[in-house]
Number of protein chains: 4
Amino acid sequence: MIIVMKPHASEKSIENVVKMIQDSGLSAHLSKGEEVTIIGIVGDKSKISNRNLEIAPEVDKLVQVTESYKLTNKKFHPTPSVVKVGNTEIGPDTLSIMAGPCAIESEEQLLTIAHAVKAAGATILRGGAYKPRTSPYSFQGLEEEGLRYMKEASSETGLATICEIISEESLNAAVKYVDMVQIGARNMQNFQLLREVGRSGLPVLLKRGMAATIEEWLNAAEYIMAEGNRNIVLCERGIRTYETSTRNTLDISAVPVLRAKSHLPVIIDPSHATGVRAYVAPLSKAAVAVGADGLMIEVHNNPACALSDGPQSLTCPQFEDLCQELKPYADLAGRAFR
Amino acid sequence: MIIVMKPHASEKSIENVVKMIQDSGLSAHLSKGEEVTIIGIVGDKSKISNRNLEIAPEVDKLVQVTESYKLTNKKFHPTPSVVKVGNTEIGPDTLSIMAGPCAIESEEQLLTIAHAVKAAGATILRGGAYKPRTSPYSFQGLEEEGLRYMKEASSETGLATICEIISEESLNAAVKYVDMVQIGARNMQNFQLLREVGRSGLPVLLKRGMAATIEEWLNAAEYIMAEGNRNIVLCERGIRTYETSTRNTLDISAVPVLRAKSHLPVIIDPSHATGVRAYVAPLSKAAVAVGADGLMIEVHNNPACALSDGPQSLTCPQFEDLCQELKPYADLAGRAFR
Amino acid sequence: MIIVMKPHASEKSIENVVKMIQDSGLSAHLSKGEEVTIIGIVGDKSKISNRNLEIAPEVDKLVQVTESYKLTNKKFHPTPSVVKVGNTEIGPDTLSIMAGPCAIESEEQLLTIAHAVKAAGATILRGGAYKPRTSPYSFQGLEEEGLRYMKEASSETGLATICEIISEESLNAAVKYVDMVQIGARNMQNFQLLREVGRSGLPVLLKRGMAATIEEWLNAAEYIMAEGNRNIVLCERGIRTYETSTRNTLDISAVPVLRAKSHLPVIIDPSHATGVRAYVAPLSKAAVAVGADGLMIEVHNNPACALSDGPQSLTCPQFEDLCQELKPYADLAGRAFR
Amino acid sequence: MIIVMKPHASEKSIENVVKMIQDSGLSAHLSKGEEVTIIGIVGDKSKISNRNLEIAPEVDKLVQVTESYKLTNKKFHPTPSVVKVGNTEIGPDTLSIMAGPCAIESEEQLLTIAHAVKAAGATILRGGAYKPRTSPYSFQGLEEEGLRYMKEASSETGLATICEIISEESLNAAVKYVDMVQIGARNMQNFQLLREVGRSGLPVLLKRGMAATIEEWLNAAEYIMAEGNRNIVLCERGIRTYETSTRNTLDISAVPVLRAKSHLPVIIDPSHATGVRAYVAPLSKAAVAVGADGLMIEVHNNPACALSDGPQSLTCPQFEDLCQELKPYADLAGRAFR
């Protein structure tokens, strides 16, 4: 950490900061410029409350030079991680396709879709049993009944399964039925839930909060990893901006940025990023081209009657066509389609 | 709800939409323009899945004409609500000042601050026992021990008390010790928690999510009210924008907007909105002038050693000065300082 | 346009709006719901000041159902446009690569880069002679001298050329030397300049303003087209969001959105979108995969000494490698590399 | 400026950076931490291209420690500036009210409004003669004819006058008729226009660009000041965010932030910030309470027929009421109403 003093700060103020640093058992390193003096802190900065130096006399600002996330940081773990999910894995050699309905509506609906997405090339079945909805009057999911259908669909098709959890209760249910849990955008900083998922050891898909910086996102993953769970996959699903022609703005640059900062796999969800079915196919190709490790795509056997997110869901034939179109892109990226 | 058809949509497509509406037991009302046909839906629109009409052939877009929140909506409850909190109340006739430390650090710290803010004019003591922190390595709060100190401070000073809760467990603890619970920005769409707070019946301060629209915020309040709890106060605490000279951007316009849309009281938190102590006083005055029902202000007996958010905390004397400065503004606004 | 009345608006208020519409020579079409009455306007809405109905008694809101841009609208011109630039063209069958330095620094520099990008596969040479810089103390460009070097580079290599203009004066100079002019993000709503470029008839690359919606962008293009100039190419170059790990946030979804709304070609500038060299290659591939008609990439023979935007510039060999990598993506997209 | 090296950067890379700094005639100051080495640059950093050190081997990032704006910076000019406009002035002792129609529509309209706002307490008449409009099909202003009416209104009422300029041509016209020119949000980074206004010496109101940071805004003012014109007043008019219930989001914190960073006066425009008439009064009070030096408010004698921005305009009686309400706030702020 660096402390930048105000222009022409007094000796007394500079000495005061140096003393605060030394009193914390750290070393201070001064650099006096013509206008401005800069003080570097050498040592384990967790020993010093970083925020409060800001209000010492004549301090202009603090500058962080190291990241607060450690376990998720590429600097300390340069090799890309591979996360096993059921009988498949997510990592640098594969293009993992997660597909299925936004919400599980019935046994029949889920099995129909599961067979279709399996045939098309998906390896992981997604389906929502606990739905966080903006309005309390919208459909909220089948809960544990939905999870049972997921297990059944997995037995029938061999697909691995993923389901969003929204509370300790839903996590406790999910561990009995599915291979991977998802923490949705709205819960990305539900730190209690992050810790519980960390303790469960279960593979987890951590979606980016809709206003989260990449640094906050990696810190959220750090909460999970700090509990000993290394099986984390990140999912970019669009961020909130002023643009309204798509539901969110897909921050596709997050993929190369995360490659530079972290070893965790990252996938893209073009369905939630745009909210519009017609944009899912072009953005899926872009996701593979930019280097994502996988995709999460909403598929429904009858989108016109879907209880949630119908307008952004592909039909089963549309999903099959998309998988065909994606194959040459996976080849170019050197990834196997599984 | 209105369905806008694409220009020169075919009769068949128009009839298809009309049939979908009528099949749901609703009436359709056509308005044929020169270019565009518009179809209004008359009746209870919850009978029709609004999203999926979007993907019917030749539909251009859907337009909502009524809000999804009902219980929090001023249209159906025009009188401003008053929320009782301990021995005080929040509403149109008062200026309620909530003050105290970001995090409760010790019994002595809390009691010192409680006496100081009481003397200055605050009516509600704030203090964090469960701290949601971006990094897992930051101080996370004293938990139930902190809540006990809150109860003690209340007994000694007569102040009402408020504490943030972050999970069902912390809610269950809080109901035993404090008069009001706070749902923080990161949990604004933790719907499970909203429902539990709704069932508790406890007065609740619902902070705005950092990327939440006002409409989403009112829908979050609707989750609480739908469980029968009408004791809700909203708190604007800054939204996330591209500007970095303040921690967040205080959306002060939210106060008049909420006055127009809802009957719930609304207060402003200038400490979290800016993250900078020097900006707290001018923004507090602005908050009273714009018509807020109260303020939440961080105060610490020794900000330079605060375990959380020191740089934005006022010292006790600074808080006392601010209260003096605010009094004529409260008078102008026709509000009693309690 | 639709006028939504407040719930239970009086007959008098409804009649007042109907009368305002009829007095403007338009027809009003009423749709009375249980709570809300909606009034559709039939006819040429330009006859009525749309904004002011908003403040008529008991009007809740106005809803636009048609777009304000006409000439750039796909609804009225469904075939994709092709724009000729010098000896090349930009449109659905080609992948057009514009490459060159951010700022033209010398004759030698420009010619070196021009030969390199030509050899690698670019068809259009970019180079800045007039530089809009955030600080007045930064390098502002060689102006007309730079334009002369562009013409020379074009003669030597056969490349078409593009240069940003920032004023009527620079436009008047540019028409003498280059094949296409660029309107930069900061001038996207410099309507005076848009009109002048419209009158010039010159091919124009219109960059998206950093906080412009897609609708505002198409309206800016409409200013140019309304003057009779149809030779417009749009360029997505990143929008401003809260995320700071890239200079801007590339809104890659803008490509499929524009395909749905407009007939104009659209290219992507990954250099300005990210500001980081290492992210240019993955985003370039994504741009081709998502369906862009071309790319604008900053290339410098010695980025370490570039007078502007060095950190985001590719070296000549890096650009050559990138072109090789892009070719199979162009093939997949069915586009010729020219 | 500080250069942060990557963790465990090699001696060679560190020496390379030091050499680059020394070769530019500056001094380098090393601070070696356990993980990270930091290199401070001592001397006039304009001698070194700041951007390109970023791409030297093993450099992690650059950190600016001094601002790029100098003349507008409070550090070098701590006393608040006072700007004379016609027979009045804007500065720390006054509350300056600029009022008038968005667009000048006729001689009669302007004179009617001018007399009304004068009587109510305004000191500066605003009126748009050149209107930058999103759509080319909207009313674009009376141009020089409108300016003549401004001069006439000034003669009749004694009010000082302000008018937006959008080009060199409109600037040349404006200098003949009005006391102050306005650079609108869309032209905040039209650097050519900034320089011309700088050369004119005329008092200038510089509105914040709708996605401009405060730092970019001060750099834009620096363009004007660098040409020798110190008569600059800043105007906060709302920034673009994701929130849609107001046209823009008023960044009221900009006032205390600017007080800390600059000596220039700053006013607030609540009309454009919200786009809604009912929100103008509460935000005006907040603006005075937060410490703004003035307000710019749209007033129209007949908003229902205004050619531009009717819904956000106050009627003349509403403006008179507002001025009465503002007076005690001006008193509290220690400002004279002139």
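What counts, and where the lines are drawn
Residues numbered from 1 in each chain as written. Chains lettered and ligands numbered in written order. Predicted model: local features only at pLDDT ≥ 70, side-chain atom pairs only at ≥ 80, totals over all residues. Heavy atoms only, no water. Helix = DSSP H or I, 4+ residues; strand = E, 2+ residues; numbered from the N terminus. Buried < 20%, exposed > 50% of the residue type's maximum accessible area, 1.4 Å probe, protein only. Polar contact = N/O pair within 3.5 Å; in protein donor to acceptor, adjacent residues only side chain to side chain. Contact = heavy atoms within 4.5 Å. Buried area = accessible area lost by both parts, 1.4 Å probe. Salt bridge = Lys/Arg side-chain N within 4 Å of Asp/Glu carboxyl O. UniProt positions renumbered as here; feature names shortened; annotations may be inferred. Least-squares fit on C-alpha atoms with pLDDT ≥ 70 in both. Axes fitted to C-alpha atoms, helices over the stretch in contact; angles between N-to-C directions. Parallel < 35°, antiparallel > 145°, perpendicular 65-115°, else oblique. Left-handed = near helix turned anticlockwise from the far one by under 90°. Nonpolar A, V, L, I, M, F, W, Y, C, P; charged D, E, K, R; others polar.

Chain A is annotated in an unreviewed UniProt entry as 3-deoxy-7-phosphoheptulonate synthase from Candidatus Limivivens intestinipullorum.

Enquirer: Whenever I open this one, the side chain of Thr-157 of chain B confuses me. Can you help?
Expert: Residue and element names in this part refer to chain B. Mapping Thr-157 onto the fold places it in helix H3 (residues 144–157). Residue classification places Thr-157 among the buried residues on the basis of a relative accessible area of 9%. In this structure the side chain of Thr-157 is engaged in a polar contact, spanning 2.6 Å, whose partner is the backbone oxygen of Ala-153. Residues in contact with Thr-157, not counting those within four places in the same chain, are Ala-114, His-115 and Lys-118.

Enquirer: I'm lost on the interface of chain A and chain B in this one. Help?
Expert: With 44 residues of chain A at the interface, the matching set in chain B holds 44 residues. Across the chain A/chain B interface, buried area totals approximately 3600 Å², and carbon plus sulfur atoms make up 51% of it. Our enumeration of links across chain A and chain B arrives at two salt bridges. Between Glu-216 of chain B and Arg-240 of chain A there is a salt bridge; the shortest N-O distance is 2.6 Å. If you look at where chain A meets chain B, you find 16 residue pairs in polar contact (both at pLDDT 80 or more). Of all the secondary-structure elements, those providing two or more residues to the side of chain A that touches chain B are helix H5 (191–200) and helix H6 (214–225) of chain A.

Enquirer: Is there a simple way to explain the pattern of salt bridges in this structure?
Expert: Side chains that differ in charge, positive against negative, can pair when their charged atoms come close. Within the structure shown, the criterion is met by 60 salt bridges over all chains. In this structure, the salt-bridge partner of Asp-269 of chain C is Lys-207 of chain C, at a minimum N-O distance of 2.6 Å. Placement of the pair is Asp-269 of chain C in the loop between strand E13 (266–268) and helix H8 (270–274) and Lys-207 of chain C in strand E11 (residues 204–207), with a sequence separation of 62 residues. Taken individually, Asp-269 of chain C and Lys-207 of chain C each receive the classification buried, so the pair is uniform in this respect. In this structure, Arg-208 of chain C and Asp-251 of chain C form a salt bridge, with 2.9 Å as the shortest nitrogen-oxygen distance. A residue pair is termed long-range when its members are at least 10 positions apart, and Arg-208 of chain C in the loop between E11 and helix H6 (214–225) and Asp-251 of chain C in the loop between strand E12 (232–236) and helix H7 (254–261) qualify at 43 residues. Both residues of the pair, Arg-208 of chain C and Asp-251 of chain C, count as buried. Residues participating in the shared-partner salt-bridge network are Arg-208, Glu-236 and Asp-251 of chain A together with Glu-243 of chain C.

Enquirer: Looking at this model, I keep getting lost on the UniProt feature "domain: DAHP synthetase I/KDSA" (unreviewed entry) in chain A. Mind explaining?
Expert: Under the local residue numbering, the UniProt record ascribes the feature "domain: DAHP synthetase I/KDSA" (unreviewed entry) to residues 87–325 of chain A. Across residues 87–325 of chain A, the secondary structure splits into 39% helix and 16% strand, with the terminal C-alpha atoms separated by 25 Å.

Enquirer: Sorry if this is basic, but what is going on with the interface of chain C and chain B here?
Expert: With 26 residues of chain C in contact, the opposing surface of chain B contributes 26 residues. Together, the buried faces of chain C and chain B total about 2100 Å²; carbon and sulfur atoms form 68% of this surface. In terms of surface lost to chain B, no three residues of chain C exceed His-29, Val-65 and Tyr-242 of chain C, which account for 20% of the buried area on that side. On the surface where chain C and chain B come into contact, there are two salt bridges. In this structure, the salt-bridge partner of Lys-75 of chain C is Asp-60 of chain B, at a minimum N-O distance of 3.5 Å. For the pair chain C and chain B, the interface holds five residue pairs in polar contact (both at pLDDT 80 or more).

Enquirer: Would you mind showing me how to read the relation of the copies chain C and chain B here?
Expert: The operation linking the two copies of the chain is a rotation about an axis combined with a translation along the axis. If you rotate chain C by 180° and push it 0.0 Å along the axis, it lands on chain B with an RMSD of 0.0 Å. In short, the pair behaves as if placed about a two-fold rotation axis. Identified as the residue of chain C closest to the rotation axis by C-alpha distance is Tyr-242 of chain C, at 2.0 Å. Interface overlap between copies: 100% of the residues of chain C at the interface are likewise at the interface in chain B, consistent with a symmetric, same-surface contact.

Enquirer: Help me understand the relation of the copies chain A and chain B, please; the structure alone is not making it clear to me.
Expert: The two copies are related by a screw operation: chain A maps onto chain B through 180° of rotation and 0.0 Å of translation along the axis, at an RMSD of 0.0 Å. Here 100% of the interface residues in chain A have copies in chain B that are interface residues too; the copies meet face to matching face.

Enquirer: Could you clarify how one ought to interpret the packing of helix H2 (residues 107–120) of chain D against helix H10 (residues 316–332) of chain D in this entry?
Expert: Working note: a packed helix pair is described by the angle between its axes plus the distance between those axes. Residue and element names in this part refer to chain D. At a minimum axis separation of 9 Å, H2 and H10 run at an interaxial angle of 20°. Accordingly, the angle class assigned to the pair H2 and H10 is roughly parallel. The hand of the H2/H10 crossing is right-handed. Contacts from Ala-116, Val-117 and Ala-120 in H2 reach Cys-316, Phe-319, Glu-320, Cys-323 and Lys-327 in H10. In the contact of H2 with H10, the residues fall into six nonpolar, no polar and two charged.

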